[in-house]
Amino acid sequence: MASLAVEDLDFSSLLKCLLAIVLVAHAALKYIQAKRSPLNAIPTAGCSGTFTSYITAVQWIWKAGELIQEGYDRYPGQAFKVATLSRWIVILSGKQHIDDIRKASDDVLSFLEAAEETTHTKYTFGQRFFDEPFHVATVRSPITRNLISRFDDIRDEIVESFKDYIPLTKDWVPVTAYDTIMHIVCRTSNRYFVGLPLCREPGYRSLNETFTVDLIKRARITNCFPKFLRPFVARYLTTSRRDVAKALHYLGPTLEVRLAQTKQPESEQGEKPNDLISWLIETATHAHHLDARDLTMRILAINFAAIHTSTMSMTHALYDMAAHPEYVEEMREEAEAMIEEYGWTKAAMQRMRKIDSFLKEGQRFSGLGSMNMTRKTLKDWTLSDGTHLPANSFVAIATGAMQKDEALFPDARSFKGFRFSEMRNGDGELDSIKHQMVSLDFDQIVFGHGRHACPGRFFAVNEIKAMFAHVLLEYDVQLENGSLERPRNTHFEAAIIPNPKANVMFRKRQTG
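Residues numbered from 1 in each chain as written. Predicted model: local features only at pLDDT ≥ 70, side-chain atom pairs only at ≥ 80, totals over all residues. Heavy atoms only, no water.

> Hey, could you run me through the overall build of the chain in this one?
Along the chain, the regular secondary structure elements total 21 helices and twelve strands. Taking 2.2 N^0.38 as the reference for a compact globule, 512 residues should give roughly 24 Å; the C-alpha atoms of the chain span a radius of gyration of 25 Å, in line with that estimate. For the chain, the C-alpha atoms occupy an extent of roughly 100 × 60 × 45 Å along the three principal directions. Each of the 512 residues in the chain was classed as buried or not, and the buried ones make up 50%. A sequence separation of at least 24 residues applies to 75% of the contacts in the chain between residues at least 6 apart. Surface accessibility of the chain: about 24,100 Å² in total, with carbon and sulfur atoms responsible for 55%. (Helix = DSSP H or I, 4+ residues; strand = E, 2+ residues; numbered from the N terminus. Rg over C-alpha atoms; globule rule 2.2 N^0.38 Å. Buried < 20%, exposed > 50% of the residue type's maximum accessible area, 1.4 Å probe, protein only. Contact = heavy atoms within 4.5 Å. Areas by Shrake-Rupley, 256 points an atom, 1.4 Å probe, with all protein chains shown as cover.)

> Help me understand the sheet that holds strand β2 (residues 88–92) in this model?
Strand pairing in a sheet takes place through backbone hydrogen bonds and is either antiparallel or parallel in direction. Spatially, five strands are ordered β1-β2-β8-β5-β3 in an open sheet, and the strand pairing comes out mixed. The sheet is open, and its two edges are formed by β1 (80–83) and β3 (109–110), each paired on a single side. In terms of strand pairing, strand β5 (residues 372–377) meets strand β8 (residues 394–397) through three bridges, oriented antiparallel. Across the sheet, N372 pairs through a bridge with I397, a residue of β8. (Pairing = 2+ DSSP bridges.)

> Sorry, what's going on with the packing of aromatic side chains here?
Here the distance between the centres and the angle between the planes together describe a pair of aromatic rings. Taken as a whole, this structure holds 16 aromatic pairs when the rule is applied. The cationic tip of K354 hangs over the ring face of F418; the distance from NZ or CZ to the ring centre is 5.6 Å. Above the plane of the ring of F365 lies K404, whose end atom (NZ or CZ) is 5.1 Å from the centre. (Phe/Tyr/Trp six-rings, centres within 6.5 Å; stacked < 30°, edge-to-face > 60°. Lys NZ or Arg CZ within 6 Å of the ring centre and 35° of its normal.)

> Help me understand the nonpolar core in this model?
One broad rule of soluble globular proteins: the nonpolar side chains tend to lie buried together. Judged by nonpolar contacts, the single largest core of 85 residues is most densely connected at I143, F193, M352, F468, V471 and F506. Of the residues forming this core, the biggest block, 16 residues, is contributed by helix α14 (residues 292–323). Filtering out sequence-adjacent residues up to four positions away, F506 remains in contact with I166, D171, W172, V173, V175, L318, V471, Y475, D476 and V477. By size, the runner-up hydrophobic cluster in this structure holds 37 residues, among which are L39, I91, W381 and A398. (Core = buried A, V, L, I, M, F, W, Y, C linked by side-chain atoms within 4.5 Å.)

> Can you walk me through the UniProt feature "binding site: heme" (unreviewed entry) in the chain in this structure?
This chain's UniProt record puts "binding site: heme" (unreviewed entry) on C454. Locating C454 in the fold gives a position in the loop between α20 (431–434) and α21 (457–474). C454 sits in the partly exposed class, given a relative accessible area of 30%. (UniProt positions renumbered as here; feature names shortened; annotations may be inferred.)

> Just checking my understanding: could you explain the environment of R187 for this structure?
In this fold, R187 is placed in helix α9 (residues 177–193). Using a relative accessible area of 5% as the deciding quantity, one classes R187 as buried. Along the primary structure R187 and G456 are separated by 269 residues, whereas in three dimensions their C-alpha atoms are 17 Å apart. Excluding residues within four positions of it along the chain, R187 makes contact with E157, E160, S161, D164, Y165, C199, R200 and R205.

> Would you explain the pattern of salt bridges in this entry?
Within this structure, the stated rule accounts for 32 salt bridges. Salt-bridge contacts for E329 lead to R332; the nearest nitrogen and oxygen are separated by 3.0 Å. In this pair, E329 and R332 both sit in helix α15 (residues 328–342), three residues apart, roughly one turn of the helix. Taking the shortest distance from any N to any O, the salt bridge between D476 and R507 comes out at 3.1 Å. Residue D476 is located in strand β9 (residues 475–479), and its partner R507 is located in strand β12 (residues 503–508); the two are separated by 31 residues in the primary sequence. A single network of salt bridges, built from pairs that share partners, joins R150, D153, D156, E157, D164, R187, R191 and R200. (Salt bridge = Lys/Arg side-chain N within 4 Å of Asp/Glu carboxyl O.)

> Please clarify how the environment of H491 should be interpreted in this entry.
Relative to the helices and strands, H491 resides in strand β10 (residues 490–492). When its relative accessible area of 35% is taken as the criterion, H491 is described as partly exposed. It is 8.0 Å that separates the C-alpha atoms of H491 and A64, two residues lying 427 residues apart in sequence. Not counting residues up to four positions away in its chain, the partners in contact with H491 are I61, W62 and I496.

> In this structure, what is going on with the sheet that holds strand β4 (residues 173–176)? I would like to understand it.
Taking strand neighbours across the sheet as the criterion, the three strands line up as β4-β12-β9 in an open arrangement whose pairing is antiparallel. Of all the strands in the sheet, just β4 and β9 have a single pairing partner and so form its edges. Here the average twist between neighbouring strands, direction ignored, is 35°. Note: β4 against β12, four bridges, orientation antiparallel. Opposite V175, over in β12, you have V504 as the bridge partner. Most of the contacts of α14 go to β9, to which it runs at about 85°, and overall it touches β9 and β12. (Axes fitted to C-alpha atoms, helices over the stretch in contact; angles between N-to-C directions.)

> In this structure, what is going on with α21? I would like to understand it.
Helical geometry note: an α-helix holds 3.6 residues per turn, so side chains three or four residues apart project in the same direction. Under the 1.5 Å per step criterion, the end-to-end length of α21 is 26 Å for 18 residues, consistent within 8% with the ideal 26 Å. Taking burial as the measure, the 18 residues of α21 include 16 buried ones, the bulk of the element. (Expected span 1.5 Å × (residues − 1).)

> Where do I start with helix α3 (residues 94–103) in this structure?
Burial in α3 covers these residues: H97, I98, D99, D100 and I101. The inward-facing, buried residues of α3 abut β2, β3, β5, β6 (381–382), β8 and α18 (399–402).

> Please clarify how the packing of helix α8 (residues 151–165) against α9 should be interpreted in this entry.
Each pair of packed helices gets described by two things: the angle between the helix axes and the distance between those axes. Across the interface, α8 lies against α9 with an axial gap of 9 Å and an inter-helix angle of 150°. Classified by the angle their axes make, α8 and α9 are roughly antiparallel. Handedness of the α8/α9 crossing: right-handed. Touching D153, I154, D156, E157, I158, E160, S161, F162, D164 and Y165 of α8 are T180, H183, I184, R187, T188, R191 and Y192, all from α9. A per-class count over the contact of α8 with α9 returns six nonpolar, four polar and seven charged. (Parallel < 35°, antiparallel > 145°, perpendicular 65-115°, else oblique. Left-handed = near helix turned anticlockwise from the far one by under 90°. Nonpolar A, V, L, I, M, F, W, Y, C, P; charged D, E, K, R; others polar.)

Listed below in structure tokens is the structure:
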């Protein structure tokens, strides 16, 4: 018998054969797991079959909100599941389910594990970043605590940013709202985080903006692959080493000086700058956190959280302002009255009830997503209504559907800008507080609920209010050709994104 020469082997065909065997084996395993899963007892929105569910999974990419609404209407008050390309998601709704999630311990329901499997931060920032997220305490405490003392910096950067990106002119000028607001949010946030002149450095600003966008894109691509392939895909797609190296170019010299100061006797350290670098050093929990690279990753991560959501919220608000000019004069009068009495301060922002209501109604009407409070079960978990979920299940709250529920919000399909300011004027003991934009309640879940509620919401809301008030007092705003038809939102999976291409027209405010 003739021997088989090495050159006779077709390695390409062999590789394809092995890959096919792996995929078939994976599909068979998934089929067996699906047939045995306790999730079969939970009703489904869309297709429920082992293979037909992939039809729904593809639909989820563009119609997640519609699928969630379908389940919410068909199974009121009940848990239901929806197929995505990467997993089944069990959708919950109502006060009791929110309370179930809020009360569950972290060793049963994990916010961090759900976030990790959605954004793949282990591959972007590394295992230590995931295991030791001390920067969350930084956002919760010093970033929020210093808003009063640093509000002048926020205000100054808003004024200068708008001058640069939207000059005050007598004639109407079209501006691509989403990109422009991202530039302004990035500069303003970093004026608070790292100060002048770095917040205005084009390279540093561009790095933070592209990092935010690219991280989201990479995560979405990775989630389209089977779970066993995601670590390889995520590692292939990640540019974290390059991004951190670029950021160190800008942050490194300052970080090295600050870190050197921490090694000196406290009596010789002098007054510390009141910025994010100092706050991170203050809240670090281990000696290895006092490292330039580690601190740089935390600053990038905080920028990611600050830029992404605030840009979307402020762009939504601009579209709403232009589409509903009937609210503008009353909001201007409120802003002028509060600023005359309190100046451009956090105290003035807190007292702008109509502006707060308009922004909150925009979140209710458009929102940032069709679901919120996403968690992963680390153990088998039973809800208060008896619904049983096995370990490794994903759960979320149907926020988009709840916010359009007539039982919760009368005339829910209409935009009512002062809906929440009127509710704050109610006779209830807590009405003046609980209907604020930053408040947590069981009907409108924008910032989550419980101990994992968004820690940066106080900074974000104050920044957005200050920008919004600035636009009201300095500009006239309208959609192109004076249209009152709000630009259509873009939907990708459960995310609701304000139209990224639409123009808004600006001119210097006309008085008299």
